[in-house]
Amino acid sequence: MEPDRFREQFDMIQQSYDLSSGPRMVAGPSGAPQYLYERGVVLIPPGVVKPRAARAAVAAGDTGFAASPVVVTDPVVVTDPVVVKDPVDPEKPENPDKPEDPDKPEDPDKPDDPDKPEDPDKPEMPTEPWREIISQVLGTTVEPVVEVSERTGVARIVLPTPPGGDRWNDPAVSDVIHALRRHQIEATRNHLITICDVNCCPGDEPVPATRKQLNPTLPTSRPPSKRQVSILVVDTGLVPNYEKHDWLARNVVIPQTTDGKTLGTFAEPSPLDDRNVLRQYVGHGTFIAGLISVVAHDARITVANPFANAGTIEDHHLGEELLKIVDEMDYWPDIISLSSGTPTAEGHQPLALRSFMAKLRPEKTVLVAAAGNNASEEPFWPAAWADPGAWPELEPNDPQRAEARRAAAMVVSVGALRADGRAEACFSNHGRWVKVFAPGERLVNAVSPLEERTQYDYQHTTYSRCRHEAKYVCPCQWPRHIGELSLGRPFDAGDQADQRELKMAEFTGFAEWSGTSFSTPLVAAMIANRMSADKNVDPRDAAADLIGSAPKLMIHDRPYPVVFPETWQRRTVYEQY
């Protein structure tokens, strides 16, 4: 029986969130292996949800709140406040003879005098339409809990629904979203953004390698540089003692406060679990930084780590974190390398990520984003913003879509080529929204502390044949593994003796790994090289120049530009029929 990657990965991600008291996840749509989202939560874009103070001001005729979205600091809970009175002693009778204090403020909860005429000028408190719609759909008058992110302005609405329920479906979220959209109120699920695309890992799991096998290899010399290029890697962070890998030590910088402490977003958690086994995906960010360091001639690399829960984070949280990272750095980098994303329900764009993209648009920064490992044409966000069609709000009456094309130019979406570079990797996404392909199979770089023996337990059993029906020996099948998640149990002492080499690996610094996660930093590095060679070219123009001058390869009946680092080495691929 072949392994069920989606269910295995779902279990592991939920276990990770449980350990950190994180949210409960649901699979969608209706349990299909497509995406995960947060149970009982709906996201609404900036400006729709207003705190009570804003609603009161609007009622009073102050349109200042209506003119711009009201944002409160995350995670402030924005609900109608409950007035808590002083406790009353039931054994102590009230004193009817006590004179009333003339200076005592009027009790706002005291019922109005029925004989008192109503003030005709008193404004009526408006009811926000989205609240009424949710109340009608769910059949409850219980107020939802609302959190409005400080930086993105996106509201996270926690629906007043009971906990628990079917892990493969959340009809309350679906019903509320559809009802809101019928009333022209945009709403989405709080999708899970992941480096492993849920049903892939990323394209496979890492395999031990050596420095001699580095691919791409370190260049023997580098051309003169006219400027240093700043690259931000947003991923799982760096492993301890990463600087023992000399190419990482040369290029990686860790942002610090004025008193020399590492900024919170860049601090590193332990890469080992309580069994002293390497956690899944902790080397992912190190591997990406290593690839950039090898290929880029003159780059200053910063690695942030918001993907702490098994390589995942919710959309609402990631949009906020990306802007927080830029704030902590105190500048926009030339290039952002982001090897994560998600497909979404019904093509709805992730709202918090979209808020980040809106703030990215006026900058010069280029976002290089992984196309994903689902072997699908379905848009994978944020990479899918590379398609001008993903910007319908920009100049909808302009047939040339000039503004939409300029917006799409800030994103480079990257697919993966197989190890010989002659075709796409079996797992790589594709479609009109993918801009370029680069090598993404069986690359080798740093993954763990150098010369330290670190055990890793495989999580997923490999397939007997390619699960995407490719006709070559791909990472789905080889090297062979037996995984804990596939077996449904942790490895025990018996596994040490029985097929240990298929279940466990020992890393001493290097790994062979596959995925669009790793073709992405190669393209980021090649864009950086264009910039280092010409100090006057901005990042987006450098990206356009790289892609525009690249040869094309037919992939799924569509010609795609393909790019190759100078020191990348082709490997033999064995066809399979």
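The sections below set out a description of the structure shown in this document. (Residues numbered from 1 in each chain as written. Predicted model: local features only at pLDDT ≥ 70, side-chain atom pairs only at ≥ 80, totals over all residues. Heavy atoms only, no water.)

Here the focus is the sheet that holds strand 15 (residues 443-446). Spatial ordering of the open sheet is given by 6-18-15, a layout of three strands whose pairing is antiparallel. A strand with exactly one partner marks an edge of an open sheet, and here the two such strands are strand 6 (207-209) and strand 15. The mean angle between the axes of side-by-side strands here comes to 40°, regardless of whether they run parallel or antiparallel. Here three bridges tie strand 6 to strand 18 (residues 510-513), and the two strands are oriented antiparallel to one another. When the sheet's bridge partners are listed, Val 207 is paired in strand 18 with Glu 512. Relative to strand 15, helix 7 (residues 284-295) is tilted by about 105°, and along the sheet it contacts strand 15 and strand 18. (Pairing = 2+ DSSP bridges. Helix = DSSP H or I, 4+ residues; strand = E, 2+ residues; numbered from the N terminus. Axes fitted to C-alpha atoms, helices over the stretch in contact; angles between N-to-C directions. Contact = heavy atoms within 4.5 Å.)

Two elements in contact, helix 7 and helix 14 (residues 516-533), have axes whose closest approach is 8 Å; the angle formed by their N-to-C orientations is 30°. As helix 7 runs across helix 14, the sense of the crossing is right-handed. For the pair formed by helix 7 and helix 14, the contact residues are His 284, Phe 287, Ile 288, Leu 291, Ile 292 and Val 295 on the first element and Ser 517, Phe 518, Pro 521, Leu 522, Ala 525, Met 526 and Asn 529 on the second. Here the residues of the contact of helix 7 with helix 14 are counted per class, giving 10 nonpolar, three polar and no charged. (Left-handed = near helix turned anticlockwise from the far one by under 90°. Nonpolar A, V, L, I, M, F, W, Y, C, P; charged D, E, K, R; others polar.)

A full pass over the atoms with the stated rule returns 11 aromatic pairs. Their ring planes at 40° and their centres at 5.1 Å tell us that Trp 513 and Phe 518 sit as a pair that is tilted. Classification of Phe 518 as buried rests on a relative accessible area of 0%. Directly above the ring of Tyr 472 sits Arg 418, whose terminal nitrogen or CZ lies 5.0 Å from the centroid. (Phe/Tyr/Trp six-rings, centres within 6.5 Å; stacked < 30°, edge-to-face > 60°. Buried < 20%, exposed > 50% of the residue type's maximum accessible area, 1.4 Å probe, protein only. Lys NZ or Arg CZ within 6 Å of the ring centre and 35° of its normal.)

With that out of the way, let us pick up the side chain of Asn 445. By the secondary structure assignment, Asn 445 is in strand 15. Taking the relative accessible area as the measure of exposure, Asn 445 reaches 0% and is therefore buried. At 3.2 Å, the side chain of Asn 445 and the side chain of Trp 247 are in polar contact. The residues touching Asn 445, leaving out its near neighbours within four places in the chain, are Leu 214, Trp 247, Phe 287, Gly 290, Leu 291, Val 294, Gly 509, Phe 510 and Ala 511. (Polar contact = N/O pair within 3.5 Å; in protein donor to acceptor, adjacent residues only side chain to side chain.)

Moving on to the packing of helix 4 (residues 129-138) against helix 5 (residues 171-182). Axis separation between helix 4 and helix 5 bottoms out at 10 Å; the angle between their running directions is 135°. By the angle class used here, helix 4 and helix 5 are oblique. Here helix 4 and helix 5 pass one another in a crossing that is right-handed. Here helix 4 contributes Trp 130, Ile 133, Ile 134, Val 137 and Leu 138 to the contact with helix 5, which in turn contributes Ala 172, Asp 175, Val 176, Ala 179 and Leu 180. (Parallel < 35°, antiparallel > 145°, perpendicular 65-115°, else oblique.)

Turning our attention to the nonpolar core. Of all hydrophobic cores here, the largest spans 116 residues; its most connected members are Ile 335, Met 357, Val 368, Trp 391, Val 412, Val 523 and Ile 527. Per-element tally for this core: the top contributor is helix 14, with nine residues. (Core = buried A, V, L, I, M, F, W, Y, C linked by side-chain atoms within 4.5 Å.)

Applying the stated criterion across every chain yields a total of zero disulfides. Between Cys 426, a cysteine without a disulfide, and Cys 474, which holds the nearest cysteine sulfur, the sulfur-to-sulfur distance is 3.7 Å. The exposure class assigned to Cys 426 is buried, which follows from its relative accessible area of 9%. (Disulfide = S-S within 2.5 Å.)

Let us look at the environment of Ala 209. Inspection of the secondary structure assignment puts Ala 209 in strand 6. For Ala 209, a relative accessible area of 8% gives the class buried. If sequence neighbours within four positions are ignored, Ala 209 has contacts with Val 444, Phe 510, Ala 511 and Glu 512.

Quick look at the pairing of strand 11 (residues 335-338) now. Burial along strand 11 is two-sided: the face carrying Ile 335 and Ser 337 and the face carrying Ile 336 and Leu 338 are both buried. Pairing between strand 7 (residues 229-234) and strand 11: four bridges, direction parallel. Across the sheet, the residue bridging to Val 234 is Leu 338, located in strand 11. One ladder, built from four bridges, connects strand 11 with strand 12 (residues 366-370); its direction is parallel. Looking at the pairing, Ser 337 lines up with Val 368 of strand 12. This β-α-β element, strand 11 to helix 9 (residues 351-360) to strand 12, shows right-handed connectivity. (Right-handed = clockwise from strand over helix to strand, strands pointing away.)

For the structure on display, the rule yields 21 salt bridges. A salt bridge links Arg 354 to Glu 186; the nearest nitrogen and oxygen atoms lie 2.7 Å apart. You can see Arg 354 sitting in helix 9 and its partner Glu 186 sitting in the loop between helix 5 and strand 5 (188-194), a full 168 residues away along the chain. Under the relative-accessibility criterion, Glu 186 is labelled partly exposed at 26%. Linking Asp 545 and Arg 530 is a salt bridge whose minimum nitrogen-to-oxygen distance equals 2.5 Å. Of the two residues, Asp 545 sits in helix 15 (residues 539-548) while Arg 530 sits in helix 14, which places them 15 residues apart along the sequence. On the accessibility criterion, Arg 530 (29% relative accessible area) is partly exposed. (Salt bridge = Lys/Arg side-chain N within 4 Å of Asp/Glu carboxyl O.)

Another point: the environment of Ile 44. Within the secondary structure layout, Ile 44 lies in strand 2 (residues 35-44). Taking the relative accessible area as the measure of exposure, Ile 44 reaches 0% and is therefore buried. C-alpha separation for the pair Ile 44 and Leu 351, spaced 307 residues apart in sequence, amounts to 7.4 Å.

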